[in-house]
Amino acid sequence: MTETAKAPPELAALVADLKPDNADLLATFHHIQEAYGYVPPEAIPLLAAKLRTTPAKVFGAMSFYSEIRTEPPPRLAISWCSGPACRLKGAENIRRALEAILGVELGQSTPDGALGLSLVQCDGTCAQAPLLRLNGRPRGPLTVAEAIRLARELRETRGNGHQA
Amino acid sequence: MSVYSELRAKASEAWQVVETPPRPRIAVGITTCSRAHGADETLAAIRSEVAQRNLVLDIVVTGCWGLCYAEPMLEIAKPSGQRVLYQLVTADRVPQLIAEALDGEGVCSVLALAAVGLTPVRGLPSFESLHMITLQTRRLMANCGIIEPESIDQYIGRGGYEGLAQALATSSEGVIKEVTDAGLWGRGGAAFPTGRKWDFLRGAKNQPKYMVCNADEGDPGSFVNRTLMESDPHCIIEGMAIGGYACGASYGYIYIREEYPLCAERMNTAISQARERGVLGTDILGAGFSFDMEVVRGAGSYVCGEETGLIASIEDRRGMPKIRPPFPAQAGVFAKPTNVNNVETYANVPLIMHHGAPWYTAMGTEKNKGTKMFSLSGHIQRVAVLEVPFGVPLRRLIDACGGLPEGRTLKAIQPGGPLGGIINAEHVDISLEPEPFREQGALLGSGGLVIIDDTACIIDMSLYFEWFAEDESCGRCTTCHGGTQRMVEILRRIANGGGRTSDKEMLRLLGDTMRWSNCAHGTAAPTVVLNMLAAFPEEYREHVEGKRCPARVCRGLVRYEITAQSPSLPDAAAICPTAAIVGKDGAYSIDQGLCIKCDACRELAPEAVHVVDALAPSAVSVSE
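Rules of the game
Residues numbered from 1 in each chain as written. Chains lettered and ligands numbered in written order. Predicted model: local features only at pLDDT ≥ 70, side-chain atom pairs only at ≥ 80, totals over all residues. Pairing = 2+ DSSP bridges. Helix = DSSP H or I, 4+ residues; strand = E, 2+ residues; numbered from the N terminus. Contact = placed C-beta atoms within 7 Å. Nonpolar A, V, L, I, M, F, W, Y, C, P; charged D, E, K, R; others polar. Buried ≥ 20, exposed ≤ 12 C-beta atoms within 10 Å, placed from the backbone. Domains from an automatic or database assignment. Axes fitted to C-alpha atoms, helices over the stretch in contact; angles between N-to-C directions. Parallel < 35°, antiparallel > 145°, perpendicular 65-115°, else oblique. Left-handed = near helix turned anticlockwise from the far one by under 90°. Core = buried A, V, L, I, M, F, W, Y, C linked by C-beta atoms within 7 Å. pLDDT = per-residue confidence, 0-100.

Q: Hey, could you run me through the sheet that holds strand 3 (residues 115-120) of chain A in this one?
A: Sheet strands pair by backbone hydrogen bonding; their relative direction is either parallel or antiparallel. Spatially, the 5 strands line up as an open sheet ordered 2-3-1-4-5 (chain A), and their pairing is mixed. Every other strand in the sheet has two partners, leaving strand 2 (108-109) and strand 5 (137-139) of chain A as the edge strands with one partner each.

Q: I tried to follow the interface of chain A and chain B on my own but got confused; where do I start?
A: One frequently used descriptor of interface size is the decrease in accessible area upon assembly of the parts. Each partner contributes residues to the interface: chain A has 40 residues there, and chain B has 46 residues. Elements that contribute at least two residues to the side of chain A that touches chain B include exactly helix 3 (25-36), helix 5 (55-64), helix 6 (84-88), helix 7 (91-102) and helix 8 (144-157) of chain A. Its residues placed into classes, the side of chain A that touches chain B shows 23 nonpolar, 11 polar and 6 charged.

Q: What is the right way to read the pairing of strand 12 (residues 384-389) of chain B from this model?
A: Looking along a regular strand, one sees the side chains alternate between the two faces of the sheet. Residue and element names in this part refer to chain B. Counting buried positions along strand 12 yields 6 of 6 residues, so the element is predominantly enclosed. Side chains of strand 12 alternate between two faces, with Ala 384, Leu 386 and Val 388 and Val 385, Glu 387 and Pro 389 buried alike. Here strand 11 (residues 371-378) runs beside strand 12; their pairing, made up of 6 bridges, is antiparallel. When the sheet's bridge partners are listed, Leu 376 is paired in strand 12 with Ala 384. Hairpin connection from strand 11 to strand 12: 5 residues lie between these consecutive antiparallel strands.

Q: Just to check I follow, could you spell out the domain arrangement of chain A for this structure?
A: Per the domain assignment, the segments making up chain A are domain 1 (2-64) and domain 2 (76-157). The distance between the C-alpha centroids of domain 1 of chain A and domain 2 of chain A comes to 31 Å.

Q: Would you mind showing me how to read the domain arrangement of chain B here?
A: Once the domains are mapped, chain B shows domain 1 (10-134), domain 2 (152-360), domain 3 (371-453), domain 4 (458-544) and domain 5 (557-619). The straight-line distance from the C-alpha centre of domain 2 of chain B to that of domain 5 of chain B is 55 Å.

Q: Quick question: what am I supposed to make of the sheet that holds strand 10 (residues 338-342) of chain B here?
A: All names here are of chain B. The strand order 8-9-7-6-10 describes an open sheet built from 5 strands, whose pairing is mixed. Here the strands that pair on one side only, and so sit at the sheet edges, are strand 8 (281-284) and strand 10. Each neighbouring strand pair of the sheet contributes to a mean axis angle of 25°, computed without reference to strand direction. With 5 bridges joining them, strand 6 (residues 210-215) and strand 10 adopt parallel strand pairing. Note on strand 10: the bridge partner recorded for Met 211 is Asn 339.

Q: Explain the packing of helix 4 (residues 43-51) of chain A against helix 5 of chain A to me, please; I cannot follow it from the model alone.
A: The axes of two packed helices give the description: the angle between them and the distance between them. Residue and element names in this part refer to chain A. The contact between helix 4 and helix 5 brings their axes to 8 Å, and the two run at 110°. If you check the angle between helix 4 and helix 5, you find them roughly perpendicular. When the axes of helix 4 and helix 5 are compared, the crossing they make is right-handed. For the pair formed by helix 4 and helix 5, the contact residues are Ile 44, Pro 45, Leu 47, Ala 48 and Leu 51 on the first element and Pro 55, Lys 57, Val 58 and Phe 59 on the second. Class assignment for the residues of the contact of helix 4 with helix 5 results in 8 nonpolar, no polar and 1 charged.

Q: Even after reading the chapter, I still don't get the pairing of strand 17 (residues 581-584) of chain B, so can you show me in this structure?
A: Sheet topology places strand 17 of chain B next to strand 18 (residues 587-590) of chain B; 4 bridges connect them, and they run antiparallel. The residue of strand 18 of chain B that forms the bridge with Gly583(B) is Tyr588(B).

Q: Which parts of the structure should I look at to understand the environment of Leu604(B)?
A: Here Leu604(B) shows up in helix 25 (residues 600-604). Contacts of Leu604(B), omitting those with residues within four sequence positions, involve Ala145(A), Ser568(B), Asp571(B), Ala572(B) and Ile575(B).

Q: Whenever I open this one, the nonpolar core confuses me. Can you help?
A: General note: in soluble globular proteins, nonpolar side chains tend to be found buried as a group. Grouped together as the largest cluster of nonpolar side chains are 257 residues, with contacts concentrated most on Tyr86(B), Ile236(B) and Leu397(B). Ignoring sequence-local partners within four residues, the contact set of Ile236(B) consists of Cys213(B), Leu228(B), Met229(B), Ile254(B), Val343(B), Tyr346(B) and Ala347(B).

Q: Even after reading the chapter, I still don't get unusual backbone geometry, so can you show me in this structure?
A: Across residues other than glycine, the phi torsion is negative in most instances, and most of the peptide bonds are trans. Residues and elements named next belong to chain B. Between Gln 207 and Pro 208 the backbone carries a cis peptide bond, its omega angle lying at -10°. With respect to the helices and strands, Pro 208 occurs in the loop between helix 9 (194-203) and strand 6. At Ala 191, a residue that is not glycine, the phi angle is positive and equals roughly 60°. By the element assignment, Ala 191 lies in the loop between helix 8 (172-181) and helix 9. Overall, the presence of 17 C-beta atoms within 10 Å leaves Ala 191 in the partly exposed class. Unusually for a residue other than glycine, Leu 285 sits at a positive phi of about 50°.

Q: Can you walk me through the confidence of the model for chain A in this structure?
A: Detailed conclusions should not be drawn from predicted coordinates in areas where pLDDT is low. All names here are of chain A. On average, residues of chain A score 92 in pLDDT, and 93% of them are at 70 or above. Helix 7 holds the highest mean pLDDT among the elements of chain A, 98, whereas helix 1 (residues 2-6) holds the lowest, 43. Segment residues 1-6 is flagged for pLDDT under 50; beyond a separation of four residues in sequence, or across chains, it makes 6 contacts in the model.

Q: Explain the environment of Pro22(B) here, please?
A: With respect to the helices and strands, the residue Pro22(B) is situated in the loop between helix 1 (2-19) and strand 1 (25-29). Expressed as a C-alpha distance, the spacing of Pro22(B) and His481(B), which sit 459 residues apart in the sequence, is 61 Å.

Q: For this particular structure, what's the right way to read helix 13 (residues 307-314) of chain B?
A: Since the α-helix turns once every 3.6 residues, residues separated by three or four places project in the same direction. Most of helix 13 of chain B is tucked away: 8 of the 8 residues are buried. Taken together, the buried positions of helix 13 of chain B are Glu307(B), Thr308(B), Gly309(B), Leu310(B), Ile311(B), Ala312(B), Ser313(B) and Ile314(B). Considering only its buried residues, helix 13 of chain B is in contact with helix 3 of chain A together with strand 6, strand 7 (251-256), strand 9 (289-297) and strand 10 of chain B. Taken from the residues just after helix 13 of chain B, Asp316(B) is the one with a positive phi, measuring 70°.

Q: Mind showing me how you'd approach the packing of helix 11 (residues 234-247) of chain B against helix 14 (residues 343-355) of chain B here?
A: Residue and element names in this part refer to chain B. For the pair helix 11 and helix 14, the least separation of the axes is 7 Å and the interaxial angle reads 75°. The angle between helix 11 and helix 14 falls in the class roughly perpendicular. Listed contacts from helix 14 to Cys 235, Ile 236, Glu 238, Gly 239, Met 240, Ile 242 and Gly 243 of helix 11 are Val 343, Tyr 346, Ala 347, Val 349, Pro 350 and Met 353. Classifying every residue of the contact of helix 11 with helix 14 gives 10 nonpolar, 2 polar and 1 charged.

See the structure below:
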């Protein structure tokens, strides 16, 4: 397995216990993502060798899941809740304002990688709708004006001071 | 029962300490909801305040009482028997709480919500008498908020795993018969009889067999499964183990969605504790039955909540629903016989085995026995999780949650997630059971109820739910991925003022075509749009023919106008993200080419900024 030889040792350790037909792949994606912030491309052939399948199958599986990242995360992830309670309370207005201020759309990061805007699914914290999360920490309920002030502050500070 | 009796006797001591605490005990509810309201900070503040004051007491972590609006919540219990539930205890209120509530038999009145337990507290209502609670019968939620979810002994001390012990003393047919007699059906949405499903798996020849728990709760606005997993994880493990015994399965998977990390953490802890106590693993409770299980964490895919998509995901593949047959009971996980049930379905099983089918069926209606958990969100005063017997009218749940925001009128209810459809407010007295919802062309679903008032536009909400279905389609069937795309395009065009008279027929045709999709995602995806056409014909016609959005939500049909000059307008101009508000000689106006209709200016200058109809000429003059 030449892939193992080339891979960083941490990555090899993270995939060490992976076995075929053992419901291991999603857990391994999570472990790699916890360590690296994303799943680096060099992990794919390693995973494939362990599962005795092709890199295409592994990549195919990975690309199916929206929470597995294939690129490094932004310094500050601004997550916009897409749930119905948020929608009913003005989330769509907030999204438009954030996109205008940050100059990125949902799913994109600023060119310097400082701020990323992404969609997250409802986790049922609807008592705080509409809400945003800054590196996972909920902020809500927000008026559009409050969201705009927050976005402007984040744009000025490039997300510094808001790390988890 | 001897091994279990021994276990129970030991655990009773642990529970006794909770019932009659030797010293004051502060139990802070830590759940996803309470954390979002700052419960972690509250817990830290309590620890430091208690240390500073050199108080001798216990601080523990409990689960969720189901009162999301009142988070962070905590309970203070004292040796005297006084037990008080406190609400909205943010970290900044901790010093006052500790000073007043731990001063002898004192109570911090400003934060006190209710008295719990048997000892009345002067000036406080009992928990059971709260408006939110009187309607409820908490069987599934009996432990929620009360026990420490990370303590298996408290679960056992309250009678936990007795259902398993009783099942193991019964034949597997006997267990299935009890579940069948109880009338239990799947709580995930399909409402298939659980006993029959289990019988399929019991009859399957291949080995090993798997019990799978669907904890993917992907319907936005549904959080009943999360409440159970975070507050009482063992009831799910117990239900799965009983199912494993009844069906001859030796292993279980509980598939938990990415968005629920705390559920995965608590389920994992509970599984290890269950192994330690011998209620999971080999030779469970000395009865010769072996069953173990593990957590699989999802990674952000709604369609993995469909049982065959979930199975594909467990198998390390793209989570695409499979074509049936073969059914999971024939060939499921790793092509072995498999049973998939929802979290709440499994949680009912220990109750049935513990108390028996006659007790279980005493609650509910003719066709639907037992209780159901619901989560209410949206335009509702108090976001909450409730458990009621089947057959309670929906209106009473809305009332229990404090009704709608001041001055609003109910417009619609969206049950069962984005695929569950939408029903008109005129049916607010609908009985909470599957059949009446089916009559309305909707689905009761897994327990999410999104309350929608007159500030919302039904076209906009239909577009939103259909967009969700489009975004989460796995892509296998053209009827589904193509159908949802076409529907979204049409609805978006209508919302932008380009509605055509031919659209209604086109939407219906698409809806009929989508019914031919392979899985429930595609077949149910048109529900909301077909419901909208049938139940809200006026609002639809207004959009298409009148080019007008009565709720003034749809972007292409509204315009922001400054209708009066006001001292708040400089603020409104400053907040505008696109600098669309232009002030000239003290008079402000909106540059329509720049305006993104985000509503921020109207928030700050409601007296000056108005939303008007953009296209209907008769309505352009402002009437408000």
